[in-house]
There are 4 protein chains.
Amino acid sequence: MTHRLSHPFDDDKLHEECGVFGIFGHPQAAALTALGLHALQHRGQEAAGIVSFDGRQFWSERHIGLVGDNFTKPAVIERLKGNRAIGHNRYSTTGAPVLRNVQPLFAELAGGGFTVAHNGNITNARALQRMLQRRGSIFQSTSDTETILHLVATSQRNHVVDKLIDALGQVEGAFSLVAMTEKKLVGCRDPLGIRPLVLGDLDGSNVLASETCALDIIGARLVREIEPGEMVVITEHGIESLKPFPGKRPRFCVFEHVYFARPDSIVEGTSVYEVRKRIGAELARESPAAADLVVPVPDSGTPAAIGFAEASGIPFELGIIRNHYIGRTFIEPTDSIRHMGVKLKHNANSAVLKGKRVVLVDDSIVRGTTSVKIVQMVRDAGAAEVHMRIASPPTTNPCFYGVDTPEKSKLLASRMSVADMAEFIRVDSLAFLTIDGLYRAVGETGRNPLAPQYCDACFTGEYPARLTDHENRGEVRHLTILAESA
Amino acid sequence: MTHRLSHPFDDDKLHEECGVFGIFGHPQAAALTALGLHALQHRGQEAAGIVSFDGRQFWSERHIGLVGDNFTKPAVIERLKGNRAIGHNRYSTTGAPVLRNVQPLFAELAGGGFTVAHNGNITNARALQRMLQRRGSIFQSTSDTETILHLVATSQRNHVVDKLIDALGQVEGAFSLVAMTEKKLVGCRDPLGIRPLVLGDLDGSNVLASETCALDIIGARLVREIEPGEMVVITEHGIESLKPFPGKRPRFCVFEHVYFARPDSIVEGTSVYEVRKRIGAELARESPAAADLVVPVPDSGTPAAIGFAEASGIPFELGIIRNHYIGRTFIEPTDSIRHMGVKLKHNANSAVLKGKRVVLVDDSIVRGTTSVKIVQMVRDAGAAEVHMRIASPPTTNPCFYGVDTPEKSKLLASRMSVADMAEFIRVDSLAFLTIDGLYRAVGETGRNPLAPQYCDACFTGEYPARLTDHENRGEVRHLTILAESA
Amino acid sequence: MTHRLSHPFDDDKLHEECGVFGIFGHPQAAALTALGLHALQHRGQEAAGIVSFDGRQFWSERHIGLVGDNFTKPAVIERLKGNRAIGHNRYSTTGAPVLRNVQPLFAELAGGGFTVAHNGNITNARALQRMLQRRGSIFQSTSDTETILHLVATSQRNHVVDKLIDALGQVEGAFSLVAMTEKKLVGCRDPLGIRPLVLGDLDGSNVLASETCALDIIGARLVREIEPGEMVVITEHGIESLKPFPGKRPRFCVFEHVYFARPDSIVEGTSVYEVRKRIGAELARESPAAADLVVPVPDSGTPAAIGFAEASGIPFELGIIRNHYIGRTFIEPTDSIRHMGVKLKHNANSAVLKGKRVVLVDDSIVRGTTSVKIVQMVRDAGAAEVHMRIASPPTTNPCFYGVDTPEKSKLLASRMSVADMAEFIRVDSLAFLTIDGLYRAVGETGRNPLAPQYCDACFTGEYPARLTDHENRGEVRHLTILAESA
Amino acid sequence: MTHRLSHPFDDDKLHEECGVFGIFGHPQAAALTALGLHALQHRGQEAAGIVSFDGRQFWSERHIGLVGDNFTKPAVIERLKGNRAIGHNRYSTTGAPVLRNVQPLFAELAGGGFTVAHNGNITNARALQRMLQRRGSIFQSTSDTETILHLVATSQRNHVVDKLIDALGQVEGAFSLVAMTEKKLVGCRDPLGIRPLVLGDLDGSNVLASETCALDIIGARLVREIEPGEMVVITEHGIESLKPFPGKRPRFCVFEHVYFARPDSIVEGTSVYEVRKRIGAELARESPAAADLVVPVPDSGTPAAIGFAEASGIPFELGIIRNHYIGRTFIEPTDSIRHMGVKLKHNANSAVLKGKRVVLVDDSIVRGTTSVKIVQMVRDAGAAEVHMRIASPPTTNPCFYGVDTPEKSKLLASRMSVADMAEFIRVDSLAFLTIDGLYRAVGETGRNPLAPQYCDACFTGEYPARLTDHENRGEVRHLTILAESA
């Protein structure tokens, strides 16, 4: 899946591509799944889908747009009959989003219905697809997730859980997925555990979700994280835990802590909000600044800014105000006023900034285009000095594990030194968190270079899972693949 | 495909399920395909689709609704790039129509793209589907046509035309189809030739269409009919004709002459309009009536009524006026005025009917519900006598070859004698054309009972192609098949 | 109201602009009004509206599109509470139709609610509008009908019926209207009676409608026509007939007989179908042709063609087949195939036409553009000779009384002699009905040139009602009037 | 205008009803107006409209929904031709919003076009409406603003500015409006100056806007506030300032400081953000709490919470996380999970709250329903104590000057003492800011009870402008007013 960013005001962020949810054995299964997906909406806003099973038949609703706009009419929820369901949020892609790519995907196998929702990215999807096509499989979507479906359908094993193990054994990359058959709800994380997946309990019903905030919203209790390489199989008789894949050292995505996860989620036993405050404190220690104010770039920079302010003793102020009513489709009206872009989302609070030395805290720099505009806006509002502090190391490499990143040449930090970046975005000083500082903030004593504890490929270029399709990208025969407008 | 009727005012007609069109080597391929489908709109009004190929990529547009409402915006046609295209009209089904069932269907095979549009019905589709699912094929639609796609995808032969021959060799039932690969446009009729398919020529470009009226609209010349069992393969180098299937005696659908085909089409070398006039003349000879007027039930009964009037010398009059502005969704507003239903489409022309003995000519009687209302309306308008004459034999059996028919028990003629039917619909006399009269009208000397020249199963119950799925219908395991609202 | 034609295939016809309906004292008032408007759909297809009154409050539904597409959902009808209602059909205009122009129009007067639906055109609407604006009236639509509303609102008389009489006494032009207050349903025709309006009875409930076909559909009985210059006031206590305007000699629109009215309507005591057959017979007598077939241009030319065939003894044949599935928005796909336009609606039945001398019967010629294409199509289908016979005199002048006509310079007959027209449309002979022939067909002995019995201004240029706005059209100050897209 | 709240998660807030904007003499007038309205979106989210004038004609676009969703397509902005424009945001009301109520309203007066956009509420609108209807005026909307239009239209004065002065001289209540004629852009505030209106300058073009944040977004400079009772008339020749109304002591709405205005706006020469921080500091002084954390109810409580934290020395923490992806239509899926409502918008950050004594800061309490849920959520997350501090005095009275408030009996503070409220919402302590504390925060030494410096009727019940319609509300004859669904 090659994804690019579509929202004109978010184009300087990395974006998580998906969130998943599943619940087994609750009379309100579809409604609770809708609530869970709503809480996971930050992981994907393009489209959402839910598939339920009522003991006889599967029911599906998949819609372009927000959960809150599509899954709240009673008629929609009532069509999703049954006491078990899985759901999926999908991130916004370039061009017209296509409904057939919206998950959960479903297949009627010879042995019955099978449906899957996937967070992550399969790095050998194209290679597997070509193999399957030669066997006679017909692909209906351009989603890497469909590969899993065909591998299951064509597996020679007898039982559906074994077929799924067989299928996942062939895929490389990152997957945290939920799947459902007529009898079972399955949750599984890849052996590296790159993407998160947690197990919860709601009055005896088992729940699976990408983050704990989706448990909070339905009032479920966190039981534990699904472990890297673990598959849990939930039936009417309870949960069974399998470890079907060869063991690997886990490499959880450290950027989940920096930006992707919601601050009120508990990830790897730690509060994301507390990690981000600690990141801010590390930053203040590593790269202090003589300043009058600490100002976050809202909202993602706020916890780190609070941490920076506390550690440095410099007051925290809302120097930038966010407009919450962006709308779905705001385009800068005409070329001649294009420079106003960033003001559609943010406005400088000049009463606070005027004449002040400002520490501006943001979570990361991707292309740098928005940073340039925000710094200019802060200066126009009268700031005397702008010291930018970034709550992560320089982002120098793209992610291939389910995150929407520009190609390497578009990443500012891959093209410039920190000094050049400071000049480019016109700040008086610029500093990034060190990689060891980041590891300290997440509770390590530092990065173990021989066996890094996290996936930090976007900062280091060390990719823990093979990139088969990326390596083969020059050799592939041109597909005749269908273009369809709807 | 089990289809049922959806339009509240057409519920006493049989309906053709599809029309197909293809063109190779014309710079206006998509626009001409849209025109051809428009001319074939009487064969299916639910949805339409076009797939084109531009030498590099396939382009697809599929829409619910009329060709004239969806395929006329320049932007739509311009998206369908390339000098070759195929298209399909689909008949309206019960319930929400689902886009994934709209043809042409497309698959990216290992050897390249493949797309198909099909008129007819495969009578062993469910049996083949179960076999393919056991092999690992995943079905995305409930269309019987998808079976062909999977048979092609999984064929072990080397070339795509051979794969298609392999696939079609396994299907039973009726098919007149057009298919397109990166290099070829293919047209094929089943060995019985149940549904029509003609070959045309437009300034050197080859054209395929269900009926000649689709050639007329683009100014193409009729070359000939595709023969039963014939496959034509059109490339840049010309046309090749294959006869890959075991020879059978052709059994063209006689109901195409009675009702399905447009009166301005030439079918089997004969004008449909002239056949219908001859049917009316046969009726006048077989079952004359002492009357003052011949009145058609518009518009399908009109040619037969003209033929009846000419043969009998009784004046032809428009005793029933049709409202052309029915809209797409007219529902009878409330129960208390439900009996007005038929008046939404038709009104009696009382100035003509008052005090007169009327011969009312209709093409067929299916359920009889509309006939009852029309006769009542004609009587209310003051007709002294109503003599109903039907331009076909009694419809006693459902069609399984691509026509939307009620089950046998709903067919009035399967439940009642002609005398009882006359009483039921409250006419002074009722007569149907004899089966031999029908064969005479189409140019035979009569029906050959040992080797009938046509498929007339709806009148005789003699089905020329096996009905495997129908025979197995009790044994099939319940599918868990997905229900989706969009 | 300046209207122009919008449908690409109807651009060679004149079009009636409106139909009206009203009913008082029936529990199904709104549903019956929807049915009545459906039967009057030929008088206007752009938009429709219904206003009902439930004894306490008025309810309104106005929608762009067909009655059958908008007024058949139970929810819509149920919102239109009450036992009395009025309704209106509006003809399609150029550009985006605007909901605020859709009738019935409504005003909350000081004395209570007032709503009106109007068929016709007020020829001094602009002059009245300027006078009212100087008084302080604010117009919300560009509809001439709103003028009536403001004249009623600002009338100094005491009772609403007197206010309406006061208002209508100031307007010139044509109006057949229905109006409703909290207590009354009012129907009124202008003193010349240019547009039709009939009174019906449905089980004791009074009904008003533009044509009798709207009575037929609800099973109502025709009581009588509203007389020119008559106002009927319907209350719970019955009907009162007023004659509030100075008497004039009636001048009913003769084109209602030629084309506008539905053939199954009774107009001025005569069947429209019979009049049209008599027109065909007159044509055959006045302008016979040596030919093999009489072919109507469907559907409007069909009754006259039947009359021509009967009178001449030449067989009637369907030599042109109409496509009933035009869709709402068919645009000729690209310039290079623009000449196919007419084929989207009609196809020549070449089996009938080949080698034959054809009498082609149409109701009228407006611009002549469609005639050229139809004749060409008939010739291309092999006709040996084409003799065109028009069921009305040459249309040389625009209508200002509620009909959508091109300006005079666009009317073919105002620019050319009959001989030149014959050459232009490439027929072997061309003949129009004489004006006296037309008067004979409607039951007169001929036209009385001193006191014509009908409004025939489109044929003669003699306008019976003043054209104040048209005469002043050069003097009017440019309005700043608002343009709005929705 | 009686408004009620529609968004299920905002139902415990007061809501400003409108924002206005105008610009004269800029080639990008419509695009800049769209940007200005976007910056004012917090003042109204139901609908927005823009009217421009191109020297010859007015152009209008009015749409239901956000500015960002409707006014950003280039086609929309390009239709709004001309170098001057006015615009309006409207707050969301109960039931289907109706386009004819969306401002700017427009009228074609005898002297030319006139358009107006209004923030505020006319408290004698119904009385004026009855008077105008007796004169013959026809109202098309239920908006109080239309009254101004009719008063202008019927004014006997000669020039349009004099007509507007005449009209506004008759209205009571609050108005800050922008109006436009063919030659002039007009801005005006009522004599009390209840609602804000500022004058800006963009490279020589004059700009009017409700708040300075709308100047910031287009890069305009704040010139000054329009004074209470002032009318500015902007033409090609510059600005003229009039004072046409009898002088009154100004009474600006103090709640604009508390909640309505954006924190980055400058109101009455003061930063709203700074006022809110001072409010928090006052609260900390007036009603300190022994606590571990200060937590805002986001986002409106945040500046006051920062002020409270700074003044008290208690750390500021994000103890409640807001979900930014609510969607437009989220409904609580089913009754059985209705209690989850508040979690759709907010989630407690339990890692921060667990075991802590929390000061919860919110801007106001209206009905109290949301406060109950938020406190419960904070307690469920483990807070040891909850001390609620409200950044305004108890809201005991409804607003009649352009704010959407529940009736008095629904306001929690009008029904309960502070002690009872504390028990009702289950907090360990509850304190409101005193009215004098509020006046101190806005820069006064306290409230002058004899001549209050602000409108504070919602806290004190002292209404500075007459409430004619409210006083007459029992006497009004029932209107027959039309109900329309679209």
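Residues numbered from 1 in each chain as written. Chains lettered and ligands numbered in written order. Predicted model: local features only at pLDDT ≥ 70, side-chain atom pairs only at ≥ 80, totals over all residues. Heavy atoms only, no water.

Caption draft 1: Structural view of the packing of helix α9 (residues 272–286) of chain C against helix α10 (residues 302–312) of chain C. All names here are of chain C. Between α9 and α10, the shortest axis-to-axis distance is 7 Å and the interhelical angle comes to 50°. Between α9 and α10, the interaxial angle falls into the category oblique. Pair α9 / α10 crosses with right-handed handedness. Within the contact between the two elements, α9 uses Tyr-273, Arg-276, Lys-277, Gly-280, Ala-281, Leu-283 and Ala-284 and α10 uses Pro-303, Ala-304, Ile-306, Gly-307, Phe-308, Glu-310, Ala-311 and Ser-312. In terms of residue class, the contact of α9 with α10 is made up of nine nonpolar, three polar and three charged. (Axes fitted to C-alpha atoms, helices over the stretch in contact; angles between N-to-C directions. Helix = DSSP H or I, 4+ residues; strand = E, 2+ residues; numbered from the N terminus. Parallel < 35°, antiparallel > 145°, perpendicular 65-115°, else oblique. Left-handed = near helix turned anticlockwise from the far one by under 90°. Contact = heavy atoms within 4.5 Å. Nonpolar A, V, L, I, M, F, W, Y, C, P; charged D, E, K, R; others polar.)

Caption draft 2: Summary view of the interface of chain D and chain A. Between chain D and chain A, the residue contacts involve 59 residues of the former and 58 residues of the latter. Together chain D and chain A conceal approximately 5,100 Å² of surface at their shared face, both sides included; 60% is due to carbon and sulfur atoms. Across the contact surface, chain D and chain A share two salt bridges. Where D:Glu317 meets A:Lys277, a salt bridge forms, and the shortest distance between an N and an O atom there is 2.3 Å. Counting across the interface, chain D meets chain A through 16 residue pairs in polar contact (both at pLDDT 80 or more). Put simply, the parts of the chain that give the side of chain D that touches chain A at least two residues each are α1 (29–39), α2 (67–70), α7 (213–218), α9 (272–286), α10 (302–312), β19 (320–322), β20 (346–348) and α11 (350–353) of chain D. Among the elements that make up the side of chain D that touches chain A, the one with the highest residue count is α1(D) (five residues). When its residues are assigned to classes, the side of chain D that touches chain A shows 29 nonpolar, 18 polar and twelve charged. (Buried area = accessible area lost by both parts, 1.4 Å probe. Salt bridge = Lys/Arg side-chain N within 4 Å of Asp/Glu carboxyl O. Polar contact = N/O pair within 3.5 Å; in protein donor to acceptor, adjacent residues only side chain to side chain.)

Caption draft 3: Here's a closer look at the UniProt feature "binding site: Mg(2+)" (unreviewed entry) in chain A. Residues and elements named next belong to chain A. According to UniProt, the positions carrying the feature "binding site: Mg(2+)" (unreviewed entry) are Ser-300, Asp-362 and Asp-363. A stretch of 64 residues holds the annotated residues, and the largest C-alpha distance among them is 7.0 Å, short enough that they meet in one place. When you line up the elements, Asp-362 lands in strand β21 (residues 357–362). Once residues within four sequence positions are removed from consideration, Asp-362 is found in contact with Lys-13, Val-297, Ser-300, Gly-301, Met-388, Arg-389, Ile-390 and Ala-391. Within the secondary structure, Asp-363 sits in the loop between β21 and α12 (369–380). For Asp-363, a relative accessible area of 2% translates into the label buried. Apart from residues lying up to four places away in sequence, Asp-363 is in contact with Lys-13, Val-258, Tyr-259, Ser-300, Ile-390, Ala-391 and Ser-392. Here the side chain of Asp-363 touches Ser-300 through a polar contact of 2.7 Å, side chain to side chain. (UniProt positions renumbered as here; feature names shortened; annotations may be inferred. Buried < 20%, exposed > 50% of the residue type's maximum accessible area, 1.4 Å probe, protein only.)

Caption draft 4: Structural view of the UniProt feature "active site" (unreviewed entry) in chain A. Residue and element names in this part refer to chain A. Per the UniProt record, the feature "active site" (unreviewed entry) sits at Cys-18. By secondary structure assignment, the location of Cys-18 is in strand β2 (residues 18–24). Residue classification places Cys-18 among the buried positions, given a relative accessible area of 2%. Contacts of Cys-18, omitting those with residues within four sequence positions, involve Arg-43, His-88, Asn-89, His-118 and Asn-119.

Caption draft 5: Up close: the arrangement of the chains. At no point do chain A and chain C touch; the closest pair of C-alpha atoms across them sits 17 Å apart. Chain D makes no contact with chain B, the minimum C-alpha separation between the two being 16 Å.

Caption draft 6: Seen up close, the sheet that holds strand β14 (residues 238–242) of chain A. Residue and element names in this part refer to chain A. Judged by pairing direction, the sheet is antiparallel, and its six strands sit side by side in the order β6-β7-β8-β9-β13-β14 without closing on themselves. Both outer strands of the open sheet, β6 (105–109) and β14, are each paired with one neighbouring strand and no more. For this sheet, the mean inter-axis angle between neighbouring strands, taken without regard to orientation, is 20°. In this structure, strand β13 (residues 231–235) lies alongside β14, joined through five bridges in antiparallel fashion. When the bridges of β14 are listed, Val-232 appears paired with Ser-241. (Pairing = 2+ DSSP bridges.)

Caption draft 7: The arrangement of α10(D) in detail. Counting buried positions along α10(D) gives eight out of eleven residues, so the element sits mostly inside the fold. Along α10(D), the positions that sit buried rather than exposed are D:Thr302, D:Pro303, D:Ala304, D:Ala305, D:Ile306, D:Gly307, D:Phe308 and D:Ala309.

Caption draft 8: Looking closely at the pairing of strand β22 (residues 385–390) of chain C. All names here are of chain C. Most of β22 is tucked away: five of the six residues are buried. Relative to β22, strand β21 (residues 357–362) is paired through six bridges, and the arrangement is parallel. The residue of β22 that forms the bridge with Arg-357 is Glu-385. Handedness of the β21-helix α12 (residues 369–380)-β22 crossover: right-handed. (Right-handed = clockwise from strand over helix to strand, strands pointing away.)

Caption draft 9: Quick peek at the relation of the copies chain D and chain A. For these two chains of identical sequence, chain D goes onto chain A by a turn of 180° and a shift of 0.0 Å along the axis, with RMSD 0.0 Å. The superposition of one copy onto the other is thereby described by a two-fold rotation axis. Minimal C-alpha distance to the rotation axis in chain D is attained by D:His324, lying at 3.9 Å. Taken together, the interface assignments show that 98% of the residues at the interface of chain D recur at the interface of chain A, consistent with an identical surface on both copies. (Least-squares fit on C-alpha atoms with pLDDT ≥ 70 in both.)

Caption draft 10: Spatial organisation of the packing of aromatic side chains. Taken as a whole and assessed by the stated rule, the structure comprises 46 aromatic pairs over all chains. Ring centres 5.0 Å apart and planes at 50° place the aromatic pair A:Phe255 and A:Phe260 in the tilted group. Centre to centre, the rings of C:Phe255 and C:Phe459 are 5.7 Å apart; their planes meet at 35°, and the pair counts as tilted. With a gap of 204 residues between them, C:Phe255 in helix α8 (residues 255–260) and C:Phe459 in helix α16 (residues 457–460) connect regions that are remote in the sequence. Among the residues examined, C:Phe459 registers a relative accessible area of 10% and is labelled buried. Linked through ring pairs, A:Phe255, A:Tyr259, A:Phe260 and A:Phe459 together constitute an aromatic cluster. Positioned over the ring face of C:Trp59 is C:Lys81, at 3.9 Å from the centre of the ring. (Phe/Tyr/Trp six-rings, centres within 6.5 Å; stacked < 30°, edge-to-face > 60°. Lys NZ or Arg CZ within 6 Å of the ring centre and 35° of its normal.)

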